[in-house]
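Descriptive structure summary
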Amino acid sequence: MKMRKTAAAGAAVLALAATATACGGKSGSAGDKAAGGVIYDGTYTVAKNVKVDSPVLKAAQKKGVLTIGVKADQPFLGFQDPSTKKYSGFDIEIAKMVAADLGFSEKQIKFTTVDSSARETKISNHDVDYFVGTYTINSERKKQVGFAGPYYTAGADLLVRKDDKSITGPDKLQGKTVCSIKGSTPLQEIKNPKYGAKTTELTKYSQCVTQLLNGGVNAVTTDDAILKGFAAQRPTKLRVVDRPFTKEPYGVGVDKDDKALRKAISEALDKHIDNGDYKKAYDNTLGKSGSKYSAPKTPLPQY
């Protein structure tokens, strides 16, 4: 496939640092920004008479509805506005691009919020036709689901209180308590004995951030793009350490045995990178702060 690495993660997180916000927090305090997400209504040409030997796709075509699992609490990535219920963000645009190439218009898409701990179950049980939501490809997950892509590469980092100067990287976590969500890749990494950290596992990143602000934990870990959003929401209270210690290739999760669907999605991703749709979506979500887009260059394999 022609899939190449996306815009540098550093550019993405700079965009988030300048403008992103996160759900679950209160707005109005000094230095805080209201929670929310950028609405970008990209339009993509819907393919006609799509013929892919995929059981999942054929079932969706019969129903006339494509069910896509996404995240709802990650501004500029996957966010659902609490008042309008509309989803927005870079991952949402990726999901829509793929849907169009599979023959589904935006009106035929049913987005459904899926917690990280339930992703493999929802995909395997066909509760969703595919999942797009900061979903890191790793060997353990590949035992349960298939992946198209990757379409983006991030890195795990640490979010800490701004006045805490003791944590300067993952090597300074001895005896510290770090929070992340159940089932996340950064959580599994930070459990490595070499870091000497204690862990707290919750179901939402916003809950971890509340614990951090209340002094219940010393740090929050997840992908840097997500953490920058929370730091931008409370710049006087939180900061990102900015020492990524993993590489997180994001993929589109599909049924493990549906190789035809995986191939079709990977080809769709390639197409939209090449025709400029990917750049437009990036510029209007993660790139809103003015960070420059860098075209993907490095070939990456299908998973």
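The structure under discussion appears in the preceding block.
Residues numbered from 1 in each chain as written. Predicted model: local features only at pLDDT ≥ 70, side-chain atom pairs only at ≥ 80, totals over all residues. Heavy atoms only, no water.

Grouped together as the largest cluster of nonpolar side chains are 42 residues, with contacts concentrated most on Ile68, Leu102, Tyr130, Tyr151, Val252 and Ile265. Looking at this core, the element that brings in the most residues is helix 3 (residues 90-101), giving eight residues. Setting aside its immediate chain neighbours within four residues, Ile68 contacts Ala95, Ala99, Ile109, Lys110, Phe111, Thr112, Val128, Tyr130 and Val132. Membership of the second largest hydrophobic core comes to 17 residues, among which are Leu77, Tyr205, Val209 and Val217. (Core = buried A, V, L, I, M, F, W, Y, C linked by side-chain atoms within 4.5 Å. Buried < 20%, exposed > 50% of the residue type's maximum accessible area, 1.4 Å probe, protein only. Helix = DSSP H or I, 4+ residues; strand = E, 2+ residues; numbered from the N terminus. Contact = heavy atoms within 4.5 Å.)

So, on to helix 8 (residues 259-274). For helix 8, which comprises 16 residues, the first-to-last C-alpha distance of 23 Å matches the rise-based estimate of 22 Å (1.5 Å per residue) to within 8%. Here helix 8 has its buried residues at Leu261, Arg262, Ala264, Ile265, Ser266, Ala268, Leu269, Asp270, His272 and Ile273. Contacts made by the buried residues of helix 8 are with helix 2 (55-63), helix 3, strand 6 (130-131), strand 7 (145-154), strand 13 (248-255) and helix 9 (277-283). At the C-terminal side of helix 8, Gly276 shows a positive phi close to 95 degrees. (Expected span 1.5 Å × (residues − 1).)

Running from amino to carboxyl end, helix 3 crosses helix 8 at an angle of 110 degrees, the nearest separation of the two axes being 9 Å. With respect to helix 8, the axis of helix 3 lies roughly perpendicular. When you trace helix 3 past helix 8, the crossing you get is right-handed. Between helix 3, through Ile94, Met97, Val98 and Asp101, and helix 8, the contact on the second element is made entirely by Ile265, Ala268, Leu269, Lys271 and His272. Of the residues assigned to the contact of helix 3 with helix 8, the class counts are six nonpolar, one polar and two charged. (Axes fitted to C-alpha atoms, helices over the stretch in contact; angles between N-to-C directions. Parallel < 35°, antiparallel > 145°, perpendicular 65-115°, else oblique. Left-handed = near helix turned anticlockwise from the far one by under 90°. Nonpolar A, V, L, I, M, F, W, Y, C, P; charged D, E, K, R; others polar.)

The next subject is the state of the cysteines. For the coordinates displayed, the defined rule picks out one disulfide. Here Cys179 connects covalently by a disulfide to Cys208, the sulfurs 2.1 Å from one another. Here the disulfide of Cys179 and Cys208 is left-handed, its torsion about the S-S bond being about -65 degrees. On the criterion of sequence distance, the pair formed by Cys179 in strand 9 (residues 177-181) and Cys208 in helix 6 (residues 205-214) is long-range, its members being 29 residues apart. The two residues Cys179 and Cys208 agree in class, both being buried. (Disulfide = S-S within 2.5 Å.)

Here the focus is the sheet that holds strand 2 (residues 73-74). Pairing is antiparallel in the open sheet, where three strands are placed in the order 2-3-4. For this open sheet the edge positions go to strand 2 and strand 4 (87-88), each flanked by a neighbour on one side alone. (Pairing = 2+ DSSP bridges.)

Turning our eyes to something else, we now look at the sheet that holds strand 11 (residues 219-223). Pairing is mixed across the open sheet formed by five strands, whose spatial order is 10-9-11-8-12. What marks the edges here is a single partner per strand, and that holds for strand 10 (198-202) and strand 12 (238-240). Adjacent strand axes in the sheet meet at a mean angle of 30 degrees, parallel and antiparallel pairs treated alike. For strand 8 (residues 156-161) and strand 12, the ladder comprises three bridges, and the chain directions are antiparallel. Each residue of the ladder has a partner; that of Leu159, found in strand 12, is Val240.

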